[in-house]
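These are the residues of each chain, in order.
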Amino acid sequence: MKFDELGLSQKVLTAVEASGYTTPTPIQAEAIPPALQGRDILGIAQTGTGKTAAFTLPMLCRLEQGRARARMPRTLILEPTRELAAQVEEAFIKYGANHKLNVALLIGGVSFGDQEAKIMRGADVLIATPGRLLDFFDRGKLLLTGIEILVIDEADRMLDMGFIPDIERVCKLVPFTRQTLFFSATMPPEITRLTEAFLHNPVRVEVARAATTAALIRQAMVASHGHAEKRDTLRNLIRSAENFKNAIIFCNRKRDVAILHRSLEKHGFSVGALHGDMDQMARMASLDAFKNGSVALLVCSDVAARGLDIPDVSHVFNFDVPTHSEDYVHRIGRTGRAGRSGVAITLVTPEDKKYVEQIESLIGKEVDWEGPGLSELPPPSESSSGHERRGGERGARRGVERGGRGRSSAGSAAPAREAAPKARAPRASESGRPDAAVAESPRAARTPVYAERRDRRPRAQEDDGPPVIGMGDHVPSFMLRPVVFKPAKVGEE
Ligand code: AMP
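Remember, it's a predicted structure, so these values are computed and weren't measured experimentally. (Residues numbered from 1 in each chain as written. Predicted model: local features only at pLDDT ≥ 70, side-chain atom pairs only at ≥ 80, totals over all residues. Heavy atoms only, no water.)

Colleague: Is there a simple way to think about the overall build of the protein chain in this case?
Modeller: Scanning the protein chain from N- to C-terminus turns up 21 helices and 13 strands. Just so you have it, the protein chain exposes about 22100 Å², and 53% of that area is on carbon and sulfur atoms. (Helix = DSSP H or I, 4+ residues; strand = E, 2+ residues; numbered from the N terminus. Areas by Shrake-Rupley, 256 points an atom, 1.4 Å probe, with all protein chains shown as cover.)

Colleague: Looking at this structure, how should I read the pairing of strand β7 (residues 203–206)?
Modeller: Every regular strand shows the same layout, with side chains that alternate between the two sheet faces. Side-chain alternation along β7 places Val203 and Val205 on a buried face and Arg204 and Glu206 on a face that remains uncovered. As judged from the four bridges shared by strand β1 (residues 41–44) and β7, these two strands associate in the parallel manner. Each bridged residue has a counterpart across the sheet, and for glycine 43 the counterpart in β7 is valine 205. (Buried < 20%, exposed > 50% of the residue type's maximum accessible area, 1.4 Å probe, protein only. Pairing = 2+ DSSP bridges.)

Colleague: What am I meant to see in the pattern of salt bridges here?
Modeller: Opposite charge on two side chains lets them pair, provided their charged atoms get close. Evaluated as defined, the whole model comprises 18 salt bridges. Among the ionic pairs, lysine 230 bridges to aspartate 320, the shortest N-O distance being 2.9 Å. Of this pair, lysine 230 sits in helix α10 (residues 227–240) while aspartate 320 is found in the loop between β12 (315–318) and α14 (325–332), placing the two residues 90 residues apart along the sequence. Like lysine 230, the residue aspartate 320 is buried in the burial classification. Here arginine 235 ties to aspartate 232 by a salt bridge, and the two come within 3.3 Å at their closest N and O atoms. With a gap of three residues between them, arginine 235 and aspartate 232 both fall in helix α10, about one helical turn apart. According to the relative accessible area criterion, aspartate 232 is buried, its value standing at 8%. (Salt bridge = Lys/Arg side-chain N within 4 Å of Asp/Glu carboxyl O.)

Colleague: Looking at this structure, I do not really get the packing of aromatic side chains. What am I missing?
Modeller: Each aromatic ring pair is characterised by the separation of its centres together with the angle its planes make. Inspection of every chain in the model, using the stated rule, returns two aromatic pairs. Where phenylalanine 55 meets phenylalanine 183, the ring centres are 5.5 Å apart and the plane angle is 45°; that geometry is what we call tilted. With a gap of 128 residues between them, phenylalanine 55 in helix α3 (residues 51–63) and phenylalanine 183 in strand β6 (residues 179–184) connect regions that are remote in the sequence. Residue phenylalanine 55 is classed as buried on the basis of its relative accessible area, which comes to 0%. Look at phenylalanine 112 and phenylalanine 136: their rings are 4.5 Å apart centre to centre, the planes differ by 20°, and that puts the pair in the stacked class. With phenylalanine 112 in helix α5 (residues 112–121) and phenylalanine 136 in helix α6 (residues 130–138), the pair connects residues that are 24 residues apart, well separated along the chain. (Phe/Tyr/Trp six-rings, centres within 6.5 Å; stacked < 30°, edge-to-face > 60°.)

Colleague: Got a minute to help me understand the sheet that holds strand β10 (residues 271–274) in this structure?
Modeller: Sheets are built from strands that pair by backbone hydrogen bonding, the pairs being arranged parallel or antiparallel. Reading across the sheet, the six strands line up as β8-β13-β12-β9-β11-β10 and stay open at both edges, with parallel pairing between neighbours. In the strand order of this sheet, the two ends are held by β8 (217–223) and β10, each with one partner. The mean inter-strand angle of the sheet, taken between neighbouring strand axes irrespective of direction, is 20°. Taken strand by strand, α14 contacts β8, β9 (247–250), β12 and β13 (342–348), and its axis lies near 155° from that of β12. (Axes fitted to C-alpha atoms, helices over the stretch in contact; angles between N-to-C directions. Contact = heavy atoms within 4.5 Å.)

Colleague: In this structure, what is going on with helix α11 (residues 254–266)? I would like to understand it.
Modeller: One turn of the α-helix equals 3.6 residues, which is why residues spaced by three or four share an orientation. Helix length check: α11, at 13 residues, gives a terminal C-alpha distance of 18 Å against a target of 18 Å (1.5 Å per residue), a fit within 8%. Listed in full, the buried residues belonging to α11 are Lys254, Asp256, Val257, Ala258, Leu260, His261, Ser263 and Leu264. (Expected span 1.5 Å × (residues − 1).)

Colleague: Explanation requested: the packing of α6 against helix α8 (residues 164–173) in the structure shown.
Modeller: Packed helices, taken two at a time, are described by their axes: the angle between them and the distance between them. Taken N-terminus to C-terminus, the directions of α6 and α8 make an angle of 45°; their axes are 10 Å apart at the nearest point. Classified by the interaxial angle, the pair formed by α6 and α8 is oblique. The way α6 lies across α8 gives a crossing that is left-handed. Contact with α6, carried on its side by Pro130, Gly131, Leu133, Leu134, Phe137 and Asp138, involves Asp166, Ile167, Arg169, Val170 and Leu173 of α8 and no other residues of that element. Looking at side-chain class alone, the contact of α6 with α8 contains seven nonpolar, one polar and three charged residues. (Parallel < 35°, antiparallel > 145°, perpendicular 65-115°, else oblique. Left-handed = near helix turned anticlockwise from the far one by under 90°. Nonpolar A, V, L, I, M, F, W, Y, C, P; charged D, E, K, R; others polar.)

Colleague: Is there a simple way to think about α8 in this case?
Modeller: All of the buried residues along α8 are Ile164, Asp166, Ile167, Val170 and Cys171. Down the axis of α8, the smallest arc covering the buried residues is 155°, so these residues share one side. For α8, the exposed residues set more than 90 degrees away from the buried face come down to Pro165 and Lys172. Structurally, α8 contributes buried residues whose contacts are with β2 (75–78), α6, β5 (149–152), α7 (155–160) and α9 (189–198). (Arc of directions from axis to C-beta.)

Colleague: Please clarify how the nonpolar core should be interpreted in this entry.
Modeller: Within soluble globular proteins, side chains that are nonpolar tend to cluster in buried spots. Among the nonpolar cores identified, the biggest contains 38 residues, and Leu8, Leu57, Ile77, Phe92, Ile127 and Leu181 are the most heavily contacted of them. Of the residues forming this core, the biggest block, eight residues, is contributed by α3. If we ignore the near neighbours within four places in the chain, the residues touching phenylalanine 92 are Thr56, Met59, Leu60, Ile77, Ala97, Val103, Val125 and Ile127. Core analysis: the next-biggest nonpolar cluster, separate from the first, contains 33 residues, Leu76, Leu106, Leu134 and Leu194 among them. (Core = buried A, V, L, I, M, F, W, Y, C linked by side-chain atoms within 4.5 Å.)

Colleague: What is the right way to look at the pairing of strand β4 (residues 125–128) in this model?
Modeller: The side-chain alternation of β4 yields two buried faces, one formed by Val125 and Ile127 and the other by Leu126 and Ala128. Note that β2 and β4 share four bridges and pair parallel. Across the sheet, the residue bridging to isoleucine 77 is isoleucine 127, located in β4. Pairing of strand β3 (residues 103–106) with β4, which is carried by four bridges, proceeds in the parallel orientation.

Colleague: What is the right way to read unusual backbone geometry from this model?
Modeller: Peptide bonds are, in most cases, trans, and in most cases residues other than glycine have a negative phi. Even without being glycine, arginine 71 reaches a positive phi, approximately 65°. Note on placement: arginine 71 falls in the loop between α3 and β2. Looking at arginine 71, the relative accessible area reads 31%, which means it is partly exposed.

Colleague: Could you clarify how one ought to interpret the state of the cysteines in this entry?
Modeller: Note: disulfide means a covalent bond formed between the sulfur atoms of two cysteine side chains. Applying the stated criterion across every chain, the model contains zero disulfides. The thiol of cysteine 300 is not disulfide-bonded; the next cysteine sulfur, from cysteine 251, is found 8.7 Å away. Here cysteine 300 falls in the buried class, since its relative accessible area comes to 1%. (Disulfide = S-S within 2.5 Å.)

Below is the structure:
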């Protein structure tokens, strides 16, 4: 099957051709024709299947007729995270190159004013995270009565992040006659209930189940003890990895993302971080630096990394074994994309045994151990269980390790990496504060309503650890300055 057999308009076909795609992916081939006829779609597919184009291309065709009015967007796409929303915006820019469309992005962590101006101009496409969308709506800045097409993407992720009540509310605010395109990688009961309530006789399209791991990914487990030893093991794995280009490293908790990021940086690696408590600018900077190759390692949490399309990642390291086995499939699916091969290595401590068993049962095979398995693991080593060892004692990997404090490891590292812009990751102490993302934006700090309203929602795997009391370990320097009292004059109080 070719793209020109799907019924797409000439403008869209020209843009698809310019992107270099000739053959539609299975979800595109099955979803685009009914979507063009105005049918509701229930797409069961994960990222990497081409699902973004499966809804973007028919939407572009539909948008060729008609015009947007001020404050009344014509189409609405809901995404669970800011990064996914930004990725969909990129898709509209790419595939909509021959259309004159106004695309507006409503996501937390960026200025309200610019977003409002775009909505006022009349948006053909509004891409939003649920919290920010409803904030706009509740302030009377937005009308949803003109929505012709509603897209709900990554619905199971929305569920994990506690967004389902918001989604239900949006579904009731948009006209009953709109077309709905609904995508989810899995179909837990809450999602099925949602589709039964809000989709009208949908065409069901299902591609590659979430439990399948790509055959092109070489998977391995490496046994190790607690965090300090795992950091040491990880550094050695990175240094000795074959055909290494870049790597995404997953931690289960935001706090550990920050700690590992700082540790790798201290050891002279070229590394960025991505997790839900970083402000939007820092998240985008980290992602861009990784995508354009100016940093070679990206330490992430699941929620921040879910669904991101980062082609050509050579390695995935699970610094922690995921406690939800489906996350394992999503994590390792960051490598081995688009027909390339990839390597996924998971660090396993004796406490993780039960999670490994769950993963192996989900993927239907045993993963090989590299080095000794858990039963042959020697007791924790003295040197790595306490302080971090300084510098890498093995050979440096060119391009991955920078010069700097980890001198011994970085002696031969490529200096070009040093000049690259480094995305700022929060300090470990910051990552423990649920409101860090809000407090970092001056505007948000003044008006808490601007924050993505996460405080009401259960956290997925991004456990913050114990709450930080007062200022935590950060005391502003002005509070440490001695105070000089002037002696009171006679007669003064
Ligand atoms: P998605 O599942 O939407 O995140 O897409 C995954 C990747 O596949 C993206 O990098 C797309 O640009 C790419 N892609 C989308 N459609 C096609 C296609 N028909 N042929 C090849 N690659 C595609």
